[in-house]
Amino acid sequence: QVQLVESGGGLVQAGDSLRLSCAASGRTLRNYAMGWFRQAPGKEREFVARINWTGQITYYADSVKGRFTISRDDAKNTVYLQMSSLNSEDTAVYYCARRAPAVPGTGSDPSDYDYWGQGTQVTVCS
C-alpha cells in the first residue's frame, strides 16, 4: 500500500555530514511512526532512529545519539535522517521503514515495521 525510496547516500570523509531522505508514494505517511535502520556487511540489521506519528517524539540508538537527527515532513510525504560527525562505524546500507500499527513491540526491532525501502549506501572514509 506504500512504497518507500531512500536517497542521499554516498561516499564521504570522516567528520562530514549527510542527509538521507525517504520518499513515500502510494499512501500518505501521516499517522504512522517511521524508523531508520542500517546494516553493515556480515552484520544484522540494527536500529538507528525512530519518530512517532506527530513528529514530536524521537528515539535514537546510543551509537548515533547526539549526531543523527530524524525528522519528517508529512506535506512532502518524506522522512529524513540528518547525519553529522560521521565515522567509519557508520558505514552501512540505510533503510527507511514504516511502523506496523497492529504489531506489538518497542519500535526498535525490524519486526515492528511492515514496509521497507531498498536502502541507500553510506560509506565513510578516514
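Basis of the calculations
- Residues numbered from 1 in each chain as written.
- Predicted model: local features only at pLDDT ≥ 70, side-chain atom pairs only at ≥ 80, totals over all residues.
- Heavy atoms only, no water.
- Disulfide = S-S within 2.5 Å.
- Helix = DSSP H or I, 4+ residues; strand = E, 2+ residues; numbered from the N terminus.
- Buried < 20%, exposed > 50% of the residue type's maximum accessible area, 1.4 Å probe, protein only.
- Pairing = 2+ DSSP bridges.
- Axes fitted to C-alpha atoms, helices over the stretch in contact; angles between N-to-C directions.

Draft legend 1. Quick peek at the state of the cysteines. For the coordinates displayed, the defined rule picks out 1 disulfide. Paired by a disulfide, Cys 22 and Cys 96 hold their sulfur atoms 2.1 Å apart. Its S-S torsion of about -75 degrees marks the bond between Cys 22 and Cys 96 as left-handed, since a negative value means left-handed. In this pair, Cys 22 is assigned in strand 3 (residues 18-25) and Cys 96 in strand 9 (residues 92-99), connecting sequence segments 74 residues apart. Across the pair, exposure class does not vary: Cys 22 and Cys 96 are buried alike.

Draft legend 2. Expanded view of the sheet that holds strand 1 (residues 3-7). Strand order in this open sheet of 4 strands is 1-3-8-7, and the pairing throughout is antiparallel. In this open sheet, the two edge strands, each paired with only one partner strand, are strand 1 and strand 7 (68-73). Averaged over neighbouring strand pairs, the angle between their axes works out to 15 degrees when direction is ignored.

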